[in-house]
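Structural features, examined
Chain by chain, the residues run as shown.
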Number of protein chains: 2
Amino acid sequence: MKIESVDIALTSSAASIICEALKKAIVEGRLKDGEPLRQDEIARLFNTSRIPVREALTMLEQQGLVATQRYKGAVVAGISPEEASEIWEFRALVEGEVIEAAVPKMTAATLDEAQTHLAAFASAAGPMEWGDWNRKFHIVLYRASGLSYHLSVIEKTLDRVDRYIRAQLSLSNGLARADTEHRAILAACAAGDAAAAKALTRQHILGAKANLLESLHRD
Amino acid sequence: MKIESVDIALTSSAASIICEALKKAIVEGRLKDGEPLRQDEIARLFNTSRIPVREALTMLEQQGLVATQRYKGAVVAGISPEEASEIWEFRALVEGEVIEAAVPKMTAATLDEAQTHLAAFASAAGPMEWGDWNRKFHIVLYRASGLSYHLSVIEKTLDRVDRYIRAQLSLSNGLARADTEHRAILAACAAGDAAAAKALTRQHILGAKANLLESLHRD
DNA sequence: GTAACGGATATTGGATACAATAACCGAAGT
DNA sequence: ACTTCGGTTATTGTATCCAATATCCGTTAC
């Protein structure tokens, strides 16, 4: 007879727990651009020494989420309008290609799950939830492609810019427009029209890019 | 009057020095897939404690060059044929797009530098040099695009697979074929034909993918 | 008043020491 | 012979302590 076994922290080191918590705070925009991340302050928050905190900050720096200067510490890494513009072009390129490859492999379960996320997105209460469901909707569709390397690059890129997407969704028409475009993308996927899904995804991303740059320009 | 000032280790921490050294060894294929990386052994090599070694390994894990298991240590991360196939497709997508954007921005200096690397490639002595000049040739052309985010993704991807490219160059016809294709790509760039440069780059990468999979299949 | 210098404080980088876990090995029992 | 248990060793994860550097602030010279 087998004993009921539960994985107790088999994959979680203190560093990765801290890294994930900080990443979540950055991605959700709770930590603002340029905000300093003090090692001993974070260490106190997690009841650890500074060693795992430093490893977590090293991970985040490698992911481009924080910028570190020797003997000066880490700050949340911002993004310039030029970088934003380029990253949205990159997203259109890669996400367009991935959804095109994904459409022929989508199952009913894929479409169901996407539909669920779309409904949750439409009836969500605040910017944080919008961002979560928006991302889940897209990722579910991409995942059907089975292109794990492409997916990992997409996820890292989204980590880098997700807070700007959330801000975008909060603007006037941001939510309604995204919802409309999501429905069109899902319809194309359900119809098995890979070319249309790719084109709509590209428009979805490049339209958001134009909006973002416009709002940045107004400041 | 101003004093001649030299940056003395302003940007170099022990961790990043160790990281770069290990990365070079992995990229050049001197550390084989699955080879364990012991913390205290590396620490002795660099005359440091294990702390900066651990940070270096953390960086390499984030870059996908090593795989770590809790309480078991880090090993050089290999790559499956499926992953290789997907990564070469990814390269064709991104590098094709980047060189297309780069062609209109190339200067005479860009083409000169690429030509120099191409000549060095053709007259290089061994696999290591071939790999170095091959990579420099492509990167110089890509850099003209000014697409820094795309470039950073390409560099990280190349770090991950460069040793397989080097192995490929060492095979029969690998070097001659690469040289021929490089000349064609450079000619298209010099002629200002962005579409041709893109198509030739894609063929260059996808042909190498086919060769790689074939050689993997023979084993 | 202002700029340059010097010391006090805060913060990070690294070394050492200890705790937790895995791998190995040998002995005992069946 | 095979399995299982226990202990020993090797290796990693973390805490504590010290060194190196930056920042702040008062003082002083002009």
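Reading the values: rules and limits
- Within any chain, residue numbers begin from 1 and follow the written order of that chain's sequence.
- Numbering of ligands from 1 and lettering of chains from A proceed in the order in which they are written.
- Given that this is a predicted model, residues contribute local features only at a pLDDT of at least 70 and side-chain atom pairs are listed and counted only at 80 or more, while totals for whole chains, interfaces and linings are drawn from all residues.
- Hydrogens and waters are ignored; side-chain quantities use all the structure's heavy atoms.
- Helix and strand definitions follow DSSP, with helices as H or I runs of at least four residues and strands as E runs of at least two, each counted in order from the N terminus.
- Contacts between residues were defined by any pair of non-hydrogen atoms, one from each residue, lying within 4.5 Å.
- Disulfides are defined in this document as cysteine sulfur pairs within 2.5 Å.
- Lines fitted to C-alpha atoms define the axes here, with helix axes fitted over just the stretch in contact, and angles between the N-to-C directions of these axes take values from 0 to 180 degrees.
- Left-handed describes a crossing whose near helix is turned anticlockwise from the far helix by less than a right angle; the clockwise case is right-handed.
- Each residue receives one of three labels: charged for Asp, Glu, Lys and Arg, nonpolar for Ala, Val, Leu, Ile, Met, Phe, Trp, Tyr, Cys and Pro, and polar for the others, Gly being one of them.
- Multiplying 1.5 Å by the residue count of a helix minus one yields the expected span of that helix.
- To sort residues, take the accessible area from a 1.4 Å probe on protein chains only and compare it with the maximum for the residue type: under 20% means buried, over 50% means exposed, and anything in between is partly exposed.
- Residues adjacent in sequence count toward polar contacts only when both atoms are side-chain atoms; beyond that, a polar contact is any pair of N or O atoms within 3.5 Å, and within protein one must be able to donate a hydrogen and the other to accept it.
- As a per-residue measure, pLDDT reflects the predictor's confidence and takes values from 0 up to 100.
- For each residue, the test is whether any non-hydrogen atom lies within 4 Å of the molecule or strand; if one does, the residue is near.
- A least-squares fit on C-alpha atoms brings the copies together, and the residues used are those whose pLDDT is at least 70 in both copies.
- Definition used for salt bridges: Asp or Glu carboxyl oxygen within 4 Å of a side-chain nitrogen of Lys or Arg.

A few words now on the environment of Leu206 of chain A. All names here are of chain A. One can find Leu206 in helix H9 (residues 194-218). Taking the C-alpha atoms as reference points, Leu206 and Arg183, 23 residues apart in sequence, are found 17 Å from one another. Leu206 has contacts with Trp88, Glu89 and Ala92, leaving out every residue within four places of it along the chain.

As used in these notes, a disulfide is a covalent bond between sulfur atoms, one from each of two cysteines. Summed over the entire model, instances satisfying the criterion amount to zero disulfides over all chains. Of the cysteine sulfurs around Cys19 of chain A, a residue in no disulfide, the closest is that of Cys19 of chain B, at 16 Å.

Turning our eyes to something else, we now look at the packing of helix H3 (residues 50-62) of chain A against helix H3 (residues 50-62) of chain B. Relative orientation of the contacting elements H3 of chain A and H3 of chain B amounts to 35°, with a least axis distance of 9 Å. Crossing handedness for the pair H3 of chain A and H3 of chain B: right-handed. For the pair formed by H3 of chain A and H3 of chain B, the contact residues are Ile51, Arg54, Glu55, Thr58, Met59 and Gln62 of chain A on the first element and Ile51, Arg54, Glu55, Thr58, Met59 and Gln62 of chain B on the second. When its residues are assigned to classes, the contact of H3 of chain A with H3 of chain B shows four nonpolar, four polar and four charged.

A few words on H3 of chain A. In this model, H3 of chain A (13 residues) spans 18 Å end to end at C-alpha, consistent with the 18 Å of a helix rising 1.5 Å per residue. Along H3 of chain A, the positions that sit buried rather than exposed are Pro52, Val53, Glu55, Ala56, Leu57, Thr58, Met59 and Leu60 of chain A. Buried residues along H3 of chain A sit in contact with helix H1 (14-27), strand S1 (36-37), helix H2 (39-46), strand S2 (66-69) and strand S3 (73-76) of chain A together with H3 of chain B. The N-cap of H3 of chain A, judged by a side-chain oxygen 3.3 Å from the amide nitrogen of Ile51 of chain A a few residues on, is Ser49 of chain A. Trailing H3 of chain A by a residue or two, Gly64 of chain A shows a phi angle of about 80°, which is positive.

Per-residue confidence for chain A gives a mean pLDDT of 91; residues scoring 70 or more make up 94%. Within the model, the stretch residues 1-8 of chain A combines pLDDT values under 50 with zero contacts to residues more than four positions away or in other chains.

The environment of DNA strand D is formed by 18 residues, the closest being Ala14, Ser49 and Lys72 of chain A together with Arg50 and Arg54 of chain B. The contact in question runs from a phosphate oxygen of DNA strand D to an N or O atom on the side chain of Gln39 of chain B, over 3.3 Å. Within the side chain of Arg54 of chain B, one N or O atom sits 2.4 Å away from a phosphate oxygen of DNA strand D. The element best represented in the surface near DNA strand D is H3 of chain B, accounting for three residues. Classifying every residue of the surface near DNA strand D by side-chain character gives seven nonpolar, five polar and six charged.

Around DNA strand C, 17 residues are found, and the nearest of them are Arg50 and Arg54 of chain A together with Ala14, Ser49 and Lys72 of chain B. Separating a base nitrogen of DNA strand C from a side-chain N or O atom of Arg54 of chain A is a distance of 2.9 Å. Contacts to DNA strand C include Ser49 of chain B, whose backbone N or O atom sits 2.9 Å from a phosphate oxygen. Elements with a minimum of two residues in the surface near DNA strand C: H3 of chain A together with H3 of chain B.

What follows is about the relation of the copies chain B and chain A. Under the fitted operation, chain B is carried onto chain A by 0.0 Å of movement along the axis and a turn of 180°, and the coordinates agree to an RMSD of 0.0 Å. Such a combination of rotation and displacement between the chain copies is what one expects of a two-fold axis. A symmetric contact is evident, with 100% of the interface residues of chain B recurring at the interface of chain A.

All names here are of chain B. Positionally, Ser145 belongs in the loop between helix H6 (127-143) and helix H7 (148-170). By relative accessible area, Ser145 is classed as buried at 2%. Here the side chain of Ser145 touches Tyr142 through a polar contact of 2.7 Å, landing on its backbone oxygen. Sequence-distant contacts of Ser145, defined by excluding residues within four places in its chain, comprise Val98, Ala101, Ala102 and Lys105.

What follows concerns the pattern of salt bridges. Once the charged atoms of two side chains with opposite charge are near each other, the side chains can pair. Enumeration according to the criterion identifies 32 salt bridges over all chains in this entry. Residues Glu55 of chain B and Arg54 of chain A are paired through a salt bridge, measuring 2.7 Å at the closest nitrogen-oxygen approach. Of the two residues, Glu55 of chain B sits in helix H3 while Arg54 of chain A sits in helix H3, which places them in two different chains. The class for Glu55 of chain B is buried, based on a relative accessible area of 10%. Assessed through its relative accessible area of 28%, Arg54 of chain A is described here as partly exposed.

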